[in-house]
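Analysis of the macromolecular model
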Amino acid sequence: MSSDSVTILVILGVTMALFIWNRLRYDVVAGIALMAAVYTGLVPMDAAFEGFSHPAVITVAAVLVISQALQTSGVTELLLAFLSRARGSRTGQLAANSGLTLALSAVMNNIGALALMLPVTLRDAARAARPPSALLMPLSFASLLGGLITAIGTPPNIIIATFRDEHVGEPFGMFDFTPVGLSVALGGLLFLILASHRLLPAPDDATTARESSADQRVSRYLTEVRIPDSSPLVGTSIGSLEWRCENEVAVMAILRRQRRRLAPSAQELVQADDVLILEGDSEALQPLLIDPKLVEAGAEQIDPALLSSPDVRVIEAVVMPNSVLQGVSARELGMHRRFGVNLLALAREGQAARVRLKLVRFRLGDVLLLQGDNDQLEQACSSLGCLAIKDRGLDIKRRRGALMVPTIFALGILAAAFDLVPIQIAFTTVVGLLVVLRMVSLRDAYRSIEWPVIVLLGMLIPVGEALQTTGTTTHIAEALSGIAGDLPAWGVIALLIVVSMLLADLIHNTPTAVLMAPVALGLANSLGQPPDAFLMAVAIGAASPYLTPIGHQSNTLVMGPGGYRFGDYWRLGLPLDFVICAIATPAIMLVWL
C-alpha cells in the first residue's frame, strides 16, 4: 500500500471520528477533510472546489427549492381531503399519514415531506385523542423510506446515480431505483403500520410530559403586577423592563383603562396604573419584585381568556434544519425586541428545559412556545427557520400554485426520465420557471437550500475521488473480497447494505454514499460482479439511518414533538433495518444480477 493510500485512510479515519464525535457540524468536518487532502497533495489545489460543480450538488439544491415550492403550493391539502375518512382508527390514521408522507418524499426532499405532514399529523392526533408519539416516529421513518423510490428521493440516490455516470458511463435513470426502492418502501411501511404500536414507548411518560410542559408551564409562571404612579418604570419601554430581567420575563399582556393589549411590542411605553401580565419563573422575576417601588402585586388568579384573541395566539414551533437559531442562546437572540414575539417556554427531547432560558442554546428539534400576533408569528417562523407544529388556528404558509407547481415539476421529471436532458438541467429549468412564474420567491428559494448539505457534498466529493486516484479503493476492495470471497452474491450485497446502514447512523447518509460508492465499485470489479447491484446496495443502506435521532434530520425533527428519548429509536429502527435488508437483498438479486 502506497504512502498516499495510507494518508487518505488516516484522513478518512479522522473524518469519521469527527462525524461520530458530533461536536463539529458535518460541513465543517468535510472542510477539514478537504483541506487535509489538499495540503497533503492528494487533491490538486486547482481541483479543490470542483465538487461544487458536480451534478449531484446541483441536483440536490434544485430538489430542495422544488420541495419548498411544493410545500407552499397547497397540493398536500388536496391530497389530504381524499384521505380524511381513513383516519378514524389508529391503524387507518397511521397508514394514511405515513403513506402520504412516503409518496411525497419519493419526489421531494425528505425533510420537506415531513415538514408538510408534521403539523397535519399533530392536529389529527389531537382531534382523535391519540398521543403524538404513536404517529411521529413512523412518519419520520416513512419520509426516509419514500426517498428510496426515485433517483431524486434522497441525496444518496442522487450521489449514486451520478457516480455511475462517471465510472460506468451512464447514470441511473429517474425510475431505475423504483423496482427495489418501492418494494422496500412498501414492505417497510407495512411493518410500521402493523408493528410500530408494539415497539414504540408508552405514551404516558415522555409524551405526556411534553404535552403538559407547553400548556402548564405558561399558567404555572404567570404573574400579575401593577405599576404604581411613582414607579421608576413609568415611561420606560417594555423592552427595557424585560432587559432588566435578562430577557427571561415576557410581558404577555397590558391591561390599561379597561382595555387589554396582548403581546405588546418592545417599544411600547409603560404607563402608571398599567397592569402587566408577566410570564417567567420566580427567580427571573426577582429584579422586579425585590424593589417595592417598581411594581405592586396584582391578582393571584389570572383568567386565561385574558391572554387570547383572534389576532394574538400562542403557538408551538420546532427548530428546523438550517435554522439561524441553532447554537444561539435566548439572551443573544433578543426575540421580542427583534421579532415582536415572546418566547414562553422550550422543550427538548420531550422535557421542559430544566435550566433558565437565557442559558439554553437552541438545537435542531427544540420545541418553542411562542406568543404574538399572526403576522409577527408568521414572519418570526419564516425568518428564524421554525415550523409551526401546533398553530391553534394560525396558517403560517400562504398556499398558491396547487396545480401549476406539480405540473411543472412533472414535466421536469418526464424530461429527465426520457433522457431529453440530464436531471440537473431538467430540475434547474423547473426552478427557473417556478421563480419566473412567482410560484416561489427568490428569498424562499435561497432560504430553502440546506447550505450545510451543499457544502458537505462539495467538500467531500474531491476527497472521495482521491480515494480512487490513490488506488485505495482497490486495496479496500481486495481486502473485502478476501473476507467476502466465500460468501454468495446475496451475502455480499447484504453485507454492503448493513455496513452502509451502520455508517449512515454514525456519520450521516450523504458522506456514507460518497465514501462507500467507490468501495462498492471496487468490490464488484474484484469479484467480477456487475457494479449496479453493489451500488444499489449502498444506496439502500446509506438512505436507511433509523437507529438514532442524529442519523437523519427527519429523526431529530420529531424527537421533541413526539416526546422521544435517544434510546427509543433503535427499538423501532433495528427491526425495520432487518426488514429492509431482508427485502432489498433478494430484490437487488432479482433486478440487478
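What counts, and at which threshold
Residues numbered from 1 in each chain as written. Predicted model: local features only at pLDDT ≥ 70, side-chain atom pairs only at ≥ 80, totals over all residues. Heavy atoms only, no water. Salt bridge = Lys/Arg side-chain N within 4 Å of Asp/Glu carboxyl O. Helix = DSSP H or I, 4+ residues; strand = E, 2+ residues; numbered from the N terminus. Buried < 20%, exposed > 50% of the residue type's maximum accessible area, 1.4 Å probe, protein only. Axes fitted to C-alpha atoms, helices over the stretch in contact; angles between N-to-C directions. Parallel < 35°, antiparallel > 145°, perpendicular 65-115°, else oblique. Left-handed = near helix turned anticlockwise from the far one by under 90°. Contact = heavy atoms within 4.5 Å. Nonpolar A, V, L, I, M, F, W, Y, C, P; charged D, E, K, R; others polar. Core = buried A, V, L, I, M, F, W, Y, C linked by side-chain atoms within 4.5 Å. Pairing = 2+ DSSP bridges. pLDDT = per-residue confidence, 0-100.

1. Thoughts on the pattern of salt bridges
Counted by the stated rule, this structure contains nine salt bridges. A salt bridge links R256 to E268, with the nearest nitrogen and oxygen atoms 3.1 Å apart. Of the two residues, R256 is situated in strand β2 (residues 250-256) and E268 in the loop between β3 (259-262) and β4 (275-279); the sequence distance between them amounts to twelve residues. In this structure E268 comes out as buried when scored by relative accessible area, which is 14%. Notably, a salt bridge pairs R256 with D274, separated by 2.7 Å at the nearest N-O pair. Note that R256 is positioned in strand β2 and D274 in the loop between β3 and β4, a separation of 18 residues in sequence. Here R256 and D274 have matching classes, each one buried. A network of salt bridges, in which partner residues are shared, links R256, R261, E268 and D274.

2. Observations regarding the packing of helix α23 (residues 531-542) against helix α26 (residues 568-592)
Close contact between α23 and α26 brings their axes to 10 Å; oriented N to C, the two are set at 155 degrees. One finds that α23 runs roughly antiparallel with respect to α26. Taken as a pair, α23 and α26 cross one another with a handedness that is right-handed. Contacts between α23 and α26 involve D532, A533, M536, A537 and I540 on the former and, on the latter, I580, A584, I588 and W592. Considering only residue class, the contact of α23 with α26 consists of eight nonpolar, no polar and one charged.

3. Quick look at helix α7 (residues 136-146)
A large share of α7 lies buried, amounting to eleven of its eleven residues. L136, M137, P138, L139, S140, F141, A142, S143, L144, L145 and G146 are the residues of α7 that are buried. Elements that come into contact with the buried residues of α7 comprise α5 (90-105), α6 (110-127), α9 (178-199), α24 (553-557), α25 (559-562) and α26.

4. Some words on the nonpolar core
Core analysis: the biggest nonpolar cluster contains 143 residues, and L118, F427, L434 and I588 have the highest contact counts within it. Per-element tally for this core: the top contributor is helix α3 (residues 55-71), with eleven residues. A330, F362, L368 and C381 belong to the second-largest nonpolar core, a separate cluster that totals 21 residues.

5. A closer look at the pairing of β3
As paired elements, β2 and β3 share four bridges and run antiparallel to each other. Paired with I254 across the bridge in β3 is R261. Here β2 folds back onto β3 in antiparallel fashion, the turn holding two residues, of which R257 has a positive phi close to 50 degrees.

6. Notes on the environment of L122
Within the fold, L122 resides in helix α6. Note: C-alpha distance between L122 and P132 (ten residues apart in sequence) is 6.2 Å. When residues no more than four places from it in sequence are discounted, the contact partners of L122 are P132, L136, I389 and P561.

7. With respect to the confidence of the model for the protein chain
The predicted model of the protein chain averages 86 in pLDDT, with 90% of residues at 70 or higher. Low confidence marks residues 392-398, where pLDDT is under 50. Its contacts with residues over four positions away, or in another chain, come to 18 contacts.

8. Some points on the environment of S5
Note that S5 resides in helix α1 (residues 3-21). Placed 463 residues apart in sequence, S5 and Q468 show a C-alpha to C-alpha distance of 9.3 Å. What S5 contacts, discounting residues up to four positions off in sequence, is T470, G471, T472 and H475.

9. A short note on the sheet that holds strand β5 (residues 296-297)
Two pairing modes exist for strands in a sheet, parallel and antiparallel, and in both the strands are linked by backbone hydrogen bonds. Taken together, the five strands give an open sheet; going across it, the order is β3-β2-β4-β1-β5, and neighbouring strands pair in antiparallel fashion. Because the sheet does not close on itself, it has two edges, and the strands there are β3 and β5. By the bridge criterion, two bridges tie strand β1 (residues 222-226) to β5 in an arrangement that is antiparallel. Looking at the pairing, R226 lines up with E296 of β5.

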